Amino acid sequence: MGVDTQQIGSSFSTMGLSGVIGRVKSVGGKLIIDSLKDDAEKKGLHIEIEWPTD
């Protein structure tokens, strides 16, 4: 489990993570992706999305 976050792009052409990144950025939001790909004890993916409120 986990992904190489350096390999994720920003695109509107997909429904995957790169599509999410492009959509969040287009409305001025912030996306934080944290991956535990190489940790032997813990593995997983954490995604936070912050939307502008004004």
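Basis of the calculations
Residues numbered from 1 in each chain as written. Predicted model: local features only at pLDDT ≥ 70, side-chain atom pairs only at ≥ 80, totals over all residues. Heavy atoms only, no water. Helix = DSSP H or I, 4+ residues; strand = E, 2+ residues; numbered from the N terminus. Buried < 20%, exposed > 50% of the residue type's maximum accessible area, 1.4 Å probe, protein only. Areas by Shrake-Rupley, 256 points an atom, 1.4 Å probe, with all protein chains shown as cover. Patch = residues over 30% accessible without salt bridge, like charges linked within 9 Å, V, L, I, M, F, W, Y side chains within 5 Å. Salt bridge = Lys/Arg side-chain N within 4 Å of Asp/Glu carboxyl O.

1. Overview of the overall build of the protein
- Along its length, the protein carries one helix and two strands.
- Taken from the N to the C terminus, the helices and strands of the protein come in the order α-β-β.
- Within the protein, the fraction of its 54 residues that count as buried is 15%.
- Carbon and sulfur atoms form 52% of the exposed surface of the protein, whose accessible area is close to 4200 Å².

2. Digging into a nonpolar patch on the surface
- A contiguous nonpolar patch, built from V27, L45, I47, I49 and W51 and spanning about 440 Å² of accessible area, is present on the exposed surface.
- Considering the arrangement of structural elements, one finds W51 in the segment after β2 (45-50).
- For W51, a relative accessible area of 52% gives the class exposed.

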